[in-house]
Amino acid sequence: MHERMNIGTDPYVLPAPQTIVGSMLDGKPNFMALAWVSRFTHTPCLMGIGVNAKHATHRAILETGQFSINFPSVDMVNETDYVGLASGNRTDKSTVFKVHFGSLANAPLIEDCPISIELELFKHVDLETHSLFLGEVKGTWTEDRFMTDGYPDITKVRPLLLSMPDNIYWSVGEQKGKAWHDGKALRDTLKTKR
Ligand SMILES: Cc1cc2nc3c(=O)[nH]c(=O)nc-3n(C[C@H](O)[C@H](O)[C@H](O)COP(=O)(O)O)c2cc1C
């Protein structure tokens, strides 16, 4: 029997997807490493990111109303970490990545990232230290080599993951099941009317 213990209020989201947020800072691309990210709704398709108010990215998103969320592959650890160490407030990070643009002029998309998403700011909520920026997805960009049967394939994308507070980057492990499927037998066994 293991005793459960309350270890505080840090939620330990293990793992977090590691992303790079792109924005246009004073007319030039700027990038920051970002792990506090999630999808929230289907239609419109909204994604949220938590950005510290001191970051250059915070100002850029508020000024332009646009940003990108890029998913680096495990091969991009060094570049990803670098844009999390240097701030656009003091350093020009505009040439770290080759960029292209989709339909939004202020959402630079990273060519080397297997998946890049362009978003228009939908709503923002100012919190104590950070802001929650909710963006509406306007386009998701990838390449044929990252797809299988018309969809991005996790084994080809090879996304980068993060654990905190040990601050370690990880890769994805092996498949463990199938969603909306593997619980069916249990559902049928436990079927009880309210
Ligand atoms: C692995 C990693 C994850 C990070 N995740 C976030 C995050 O989710 N939110 C945030 O505000 N800052 C995060 N940061 C910190 C910013 O990336 C960092 O302060 C960056 O220099 C800000 O750049 P900017 O001032 O050009 O916007 C992270 C940094 C690293 C290294």
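One numbering rule holds for all chains: residues counted from 1, following each sequence as written. Local features are withheld for residues below a pLDDT of 70 in this predicted model, meaning they are given only at 70 or higher, and side-chain atom pairs are given and counted only at 80 or more; totals for whole chains, interfaces and linings count all residues. The basis for every side-chain value is the complete set of heavy atoms in the structure, and neither hydrogens nor water enter the calculation.

### Notes on the site of the ligand
Test applied: Any residue with a heavy atom positioned within 4 Å of a molecule or strand is treated as near that molecule or strand. Any pair of N or O atoms that falls within 3.5 Å is considered a polar contact. Within protein, one atom must be able to donate a hydrogen and the other to accept it, and sequence-neighbouring residues count only if both atoms are side-chain atoms. Only the protein chains shown count as covering a residue, and every accessible area follows the Shrake-Rupley method with a 1.4 Å probe. Helix and strand definitions follow DSSP, with helices as H or I runs of at least four residues and strands as E runs of at least two, each counted in order from the N terminus. Amino acids outside the nonpolar list (Ala, Val, Leu, Ile, Met, Phe, Trp, Tyr, Cys, Pro) and the charged list (Asp, Glu, Lys, Arg) are all regarded as polar, and Gly is one of them.
The local shell around the ligand holds 23 residues, among which Ala33, Asn52, Thr57, Ser87 and Gly88 are the closest. Here an oxygen atom of the ligand and a backbone polar atom of alanine 56 are 2.9 Å apart. For the ligand, whose unbound accessible area comes to 650 Å², protein coverage reaches 86%. If you list the elements that add at least two residues to the shell around the ligand, you get β3 (28-34), β5 (46-52), α1 (56-64) and α2 (77-85). If one sorts the elements of the shell around the ligand by residue count, β3 sits on top with four residues. The residue inventory of the shell around the ligand, partitioned by class, reads 11 nonpolar, 10 polar and two charged.

### Some remarks on the pattern of salt bridges
How we decide: Definition used for salt bridges: Asp or Glu carboxyl oxygen within 4 Å of a side-chain nitrogen of Lys or Arg. Burial classes: relative accessible area under 20% of the type maximum marks a residue as buried, over 50% as exposed, and values in between as partly exposed (1.4 Å probe, protein chains only).
Per the stated rule, a full pass over the model turns up 11 salt bridges. Its salt-bridge partner being glutamate 111, residue lysine 98 comes within 4.0 Å of it at the nearest N-O pair. Here lysine 98, found in the loop between α2 and β7 (99-100), pairs with glutamate 111, found in the loop between β8 (109-110) and β9 (115-126); they are 13 residues apart in sequence, far enough to count as distant. Since its relative accessible area comes to 58%, lysine 98 is described here as exposed. Glutamate 111 gets classed as partly exposed once you look at its relative accessible area, which sits at 32%. Note that glutamate 174 is salt-bridged to lysine 176, the shortest N-O span being 3.1 Å. Using a relative accessible area of 58% as the deciding quantity, one classes glutamate 174 as exposed. Each of the salt bridges in this network shares a partner with another, and the network as a whole consists of Asp26, Arg59 and Glu63.

### A word on the sheet that holds β5
The strands making up a sheet associate through backbone hydrogen bonding, with each pair oriented either parallel or antiparallel. Inclusion rule: Here a strand pair is declared whenever DSSP counts at least two bridges between the two strands. Axis definition: a line fit to C-alpha positions, over the contact stretch in the case of helices; interaxial angles, taken between N-to-C directions, run 0 to 180 degrees. Residues count as neighbours in contact if any of their non-hydrogen atoms are within 4.5 Å of one another.
Spatial ordering of the open sheet is given by β3-β2-β6-β9-β10-β5-β4, a layout of seven strands whose pairing is antiparallel. The sheet is open, and its two edges are formed by β3 and β4 (37-41), each paired on a single side. When strand polarity is set aside, the average angle formed by the axes of neighbouring strands in this sheet is 35°. Taken together, the seven bridges between β5 and strand β10 (residues 130-141) define a ladder with antiparallel strand orientation. Bridge pairing in β10 links leucine 46 to glutamate 136. Strand contacts of α1: β2 (19-25), β3, β5, β6 (66-71), β9 and β10, with the helix running at about 60° to β2, the strand carrying the most contacts. Contacting β2 and β3, α2 runs over the sheet at an angle of about 100° to β3.

### Here's the deal with the UniProt feature "domain: Flavin reductase like" (unreviewed entry) in the protein chain
Heads up, the rule is: UniProt positions are given in the numbering used here, feature names are shortened, and annotations may be inferred rather than shown by experiment.
UniProt records the feature "domain: Flavin reductase like" (unreviewed entry) at residues 14-162, using the numbering of this structure. Taken end to end, residues 14-162 is 15% helix and 46% strand, and its two terminal C-alpha atoms sit 7 Å from one another.

### What about α1?
Structural remark: α-helix, 3.6 residues per turn; residues separated by three or four positions point the same way. Turning to α1, its buried residues are Ala56, Thr57, His58, Ala60 and Ile61. In the core, the buried residues of α1 are packed alongside β2, β3, β5, β6, β9 and β10. Residue glycine 65 follows α1 closely and has a positive phi angle near 75°.

### Quick notes on the sheet that holds strand β13 (residues 161-163)
The strand order across the open sheet formed by three strands is β1-β13-β14, and the pairing between neighbours is antiparallel. Strands at the two margins of the open sheet, each flanked by one partner only, are β1 (16-17) and β14 (168-170). Pairing analysis gives three bridges linking β13 to β14, with the strands arranged antiparallel. Pairing of serine 163 across the sheet is with isoleucine 168, part of β14.

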